[in-house]
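Per-entry structural report
Residue strings, one per chain:
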Amino acid sequence: MARNDWIVAIRSALEAQPVTPSGRAGETPVGNITERITRIDPTSAEMLAICSALAEVVRSSPKDNPRWWRDLTNLILFANVPAKDVLSDVFYTDQIHEPEIRSIIMLALVNLGHRFTPRELGNEIEVKRLYPLQWTECAVASGEVDSAFHGLSGLLRTGAVTTRDISSRLPLWYRKQGDTLLRYASEWLEIVPPYEDRDVLLSFFRNIGIPNVKQRVEDAGMTVEATTQRIERDRDFLSDLKEHRRLNGNEFPVA
Amino acid sequence: MSQYADFKDSYALQASKIEDDPQLMDADKELFRAHIEAWNASSDITQHVADFCHENQLRGPRLNVNHTETLGHGHDKREFLLLLTTGGAMTKDAAEELLRYWTLLDDDEQVVEVHNQIGQQFMGQYLMWSFRDSTALADVPNANLACRLGLDEAPDKTYLFWGLRLPTATGAHLPTAFDAWEHLDRWAPGGHTVPNEQCRDRYPDGFPEVVHRPVRFDSLSVSIR
């Protein structure tokens, strides 16, 4: 199919997705077109046409329809189409203001290997406020693990996220972050109410062979207090550095 | 020539499956014909028909499925991951890792974790198909199960299977051709799946099959495999 035919096909699938009943095995328009694309030789001229078509669809997508963007980014990710640059363009050229859509594009970008800087994450104030879990997932994937998990502790305290919200991310976070996750999980277990909420977290750790998270953390000498102290130390160092630069220009302090 | 006659010429198989479906009442078929006559060519005819079928789901007789009965369900693996990423607003990586984690657990542990982790998410959109032979979930290997259910067996397809119990408020119906519009070539009236040719010698009969509104994952009763 030519580029324009692919544009029509992709747009049709995205329009049909929210209104089409699942097929017998859960088939959906987006799933079907994703499957078609994955069957095409990635080195073929047709794949070039698909990439170009998808770039056009991304650029011309409605700026106020989160469902469309969720389906579109799913299509890109599951079809393995190289569309990081065009998504990144749309994100960084400030064409999208809707926080939910920004959170969806951020999730897609980290899945495509993009890493957000602490400043970029900090700038996404509305995403962080309205979609804290998605923001946290992006922050963790971007390497801002301590501050992201530390932030989750606060969100759990205020009830902005629940242990159920967190639990579906635990397998990925544990695989990628290991002991760092355990340190914070130990703190989360202290924060959440006993019984049901706490059990949701505990059952994951029991299932991966860590029946007592707190004990494991204490045995390894990696308590949350130690981590918090380190964050405070880093913060102190940064403010010292700022003060030093204010007084001495850009020169780094020598220990 | 009427628009319906044109439709029958171009889509003979689909038209005959709808006309011959004993579960549909004459009034339903009459409405269907009238809908096609009203087509004004501003949209694709297949989309026009699909719109009608989507609006007329669950027209088959309601069946007596006890809420303690476990139904089986097969789901395309890619679609399952799409469900997780869409419903749970999580990354593809997180969804894949979640599924990998579940498949490493014992059956009972997995059911608890699925309830914990995605219990509030729906298993589908608008409509679900399930089969009434939960023993097959334990006894029949996945590949054979897909074949016996008449699912598309392309080499790059992987299916997941699980068991579920319908909440008391969710009714099960005998499927009609309206429910099956998107896959009429793999469907026959009568409420049984049509095994694919490759396994008809081993499995001449399909499973009894029902359609119902999608249920949440907290209705999962037999683990995903």
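Because the structure is a prediction, the values reported are computed rather than measured.

Description of the overall build of chain B
Along the backbone of chain B there are nine helices and seven strands. Here the C-alpha radius of gyration of chain B, 19 Å, is about what a compact globule of 225 residues would show, namely 17 Å. With the C-alpha coordinates of chain B rotated into their principal frame, the extents come out at 60 × 40 × 40 Å. In chain B, buried positions account for 55% of the 225 residues. Put simply, 76% of the contacts in chain B that link residues at least 6 apart link residues at least 24 apart. Carbon and sulfur atoms provide 48% of the accessible area of chain B, an area that totals close to 9900 Å². Charged side chains of chain B number 20 positive and 36 negative; the gap between the two group centres comes to 2 Å.

Comments concerning the packing of aromatic side chains
The description of an aromatic ring pair uses the distance of the two centres, along with the angle that the planes make with each other. Scanning all chains against the criterion turns up 21 aromatic pairs over all chains. Between F7 of chain B and F32 of chain B the ring centres are 6.0 Å apart and the planes differ by 70°, which places this aromatic pair in the edge-to-face class. Taken together, the residues span a long stretch of sequence, with F7 of chain B in helix α1 (residues 3-10) and F32 of chain B in helix α3 (residues 26-37) at a distance of 25 residues. A relative accessible area of 3% places F7 of chain B in the buried class. With a centroid separation of 6.3 Å and 70° between ring planes, the pair formed by F80 of chain B and W102 of chain B is classed as edge-to-face. Residue F80 of chain B is found in helix α5 (residues 77-88), and its partner W102 of chain B is found in helix α6 (residues 92-103); the two are separated by 22 residues along the sequence. There is no split in this pair, since F80 of chain B and W102 of chain B are both buried. Members of the aromatic cluster, connected to one another through ring pairs, are Y4, F7, Y11, F32, F52 and F178 of chain B. Between K92 of chain B and the ring centre of F78 of chain A, over which it is positioned, the NZ or CZ distance is 5.4 Å.

Structural notes on the packing of helix α4 (residues 66-78) of chain A against helix α6 (residues 99-111) of chain A
Residues and elements named next belong to chain A. Across the interface, α4 lies against α6 with an axial gap of 9 Å and an inter-helix angle of 10°. Relative to α6, the element α4 is oriented roughly parallel. Counted together, P66, W69, R70, T73 and L77 of α4 and E100, I101, I104, I105, A108 and N111 of α6 form the full contact between these two elements.

Focus on the interface of chain A and chain B
At the interface, 42 residues of chain A touch 46 residues of chain B. Both sides together, the interface formed by chain A and chain B hides about 3800 Å², and carbon and sulfur atoms give 50% of it. On the chain A side of the contact with chain B, P21, R24 and F78 of chain A bury the most area, a combined 23% of that side's loss. The interface formed by chain A and chain B holds five salt bridges in total. Note that R24 of chain A and E209 of chain B form a salt bridge whose closest N and O atoms lie 3.0 Å from each other. Our enumeration of links across chain A and chain B arrives at 24 residue pairs in polar contact (both at pLDDT 80 or more). Among the elements of the structure, α2 (29-38), α4, α6, α9 (132-141), α11 (163-167), α12 (170-177) and α14 (196-207) of chain A are those that each provide at least two residues to the side of chain A that touches chain B.

Looking at the confidence of the model for chain A
When pLDDT is averaged across chain A, the result is 88; 87% of the residues are at 70 or more. Here residues 250-255 of chain A is modelled with pLDDT under 50, and outside its nearest four sequence neighbours on either side it reaches eight contacts, counting other chains as well.

Re the nonpolar core
Grouped together as the largest cluster of nonpolar side chains are 103 residues, with contacts concentrated most on W6, W69, I166 and W188 of chain A together with W102 of chain B. When sequence neighbours within four positions are dropped, the list of residues in contact with W188 of chain A reads F149, L152, S153, L156, I166, L170, L181 and L201 of chain A. Core analysis: the next-biggest nonpolar cluster, separate from the first, contains 22 residues, A15, F32, C53 and A177 of chain B among them.

Focus on a negative patch on the surface
Residue and element names in this part refer to chain B. A contiguous patch of negative charge, built from D106, D107, D108 and E109, is present on the exposed surface. Structurally, D108 is set in helix α7 (residues 107-118). Note on D108: relative accessible area 64%, which makes it exposed.

Observations concerning α2 of chain A
Across the 10 residues that make up α2 of chain A, a large majority, seven, are buried. Restricting attention to buried positions, one finds in α2 of chain A the residues P29, V30, G31, I33, T34, E35 and I37 of chain A. On its buried face, α2 of chain A sits against α1 (3-16), α3 (45-59) and α4 of chain A together with β2 (71-76) and α5 of chain B.

Criteria and cut-off values
All residue numbers here refer to positions counted from 1 along the written sequence of the relevant chain. By the order in which they are written, chains take letters starting at A while ligands take numbers starting at 1. The predicted origin of the model limits local features to residues at a pLDDT of at least 70 and limits the giving and counting of side-chain atom pairs to 80 or more, whereas totals for whole chains, interfaces and linings rest on all residues. Side-chain measures here rest on the full set of heavy atoms in the structure, leaving out hydrogens and waters. Under the scheme used here, helices are H or I runs from DSSP no shorter than 4 residues and strands are E runs no shorter than 2 residues, and both carry numbers assigned from the N terminus. We compute the radius of gyration over the C-alpha atoms and compare it with the globule rule, which gives 2.2 Å times the number of residues raised to the power 0.38. Burial status follows relative accessibility: with a 1.4 Å probe on protein chains alone, a residue under 20% of its type maximum counts as buried, one over 50% as exposed, and anything between as partly exposed. Residue contacts are counted whenever heavy atoms from the two residues lie within 4.5 Å of one another. The accessible surface values rely on the Shrake-Rupley method and a 1.4 Å probe; as for residues, cover is taken only from the protein chains in view. Charged-residue counts in this description rest on Lys and Arg as positive and Asp and Glu as negative, His and the chain ends being excluded. A charged residue contributes its charge at one atom only: NZ of Lys, CZ of Arg, CG of Asp or CD of Glu. Note on aromatic contacts: the rings of Phe and Tyr and the six-membered ring of Trp form a pair at centre separations within 6.5 Å, being stacked when their planes are under 30 degrees apart, edge-to-face when over 60 apart, and tilted otherwise. Here, a charge over a ring means that NZ of Lys or CZ of Arg falls within 6 Å of the ring centre while also lying within 35 degrees of the ring normal. Every angle, taken between N-to-C directions, lies between 0 and 180 degrees, and every axis is a line fitted to C-alpha atoms, over only the stretch in contact when it is a helix. Here is the rule for angles: anything less than 35 degrees is roughly parallel, anything more than 145 is roughly antiparallel, 65 through 115 is roughly perpendicular, and the remaining ranges are oblique. Accessible surface is computed with a 1.4 Å probe, and the buried area is the amount of it that two parts give up when combined, taken over both parts together. We define a salt bridge as a side-chain nitrogen of Lys or Arg found within 4 Å of a carboxyl oxygen belonging to Asp or Glu. Whenever a nitrogen or oxygen atom comes within 3.5 Å of another N or O atom, the pair is scored as a polar contact, on the condition that within protein one atom can donate a hydrogen and the other can accept it, and that pairs from neighbouring residues in sequence are kept only if both atoms are in side chains. Per residue, pLDDT captures the predictor's confidence, and it can take any value from 0 to 100. Residue types Ala, Val, Leu, Ile, Met, Phe, Trp, Tyr and Cys, when buried and joined through side-chain atoms within 4.5 Å, form a set referred to as a nonpolar core. Patch members must show over 30% relative accessible area and no salt bridge, and they are joined within 9 Å when carrying like charges or within 5 Å when they are nonpolar side chains of Val, Leu, Ile, Met, Phe, Trp or Tyr.

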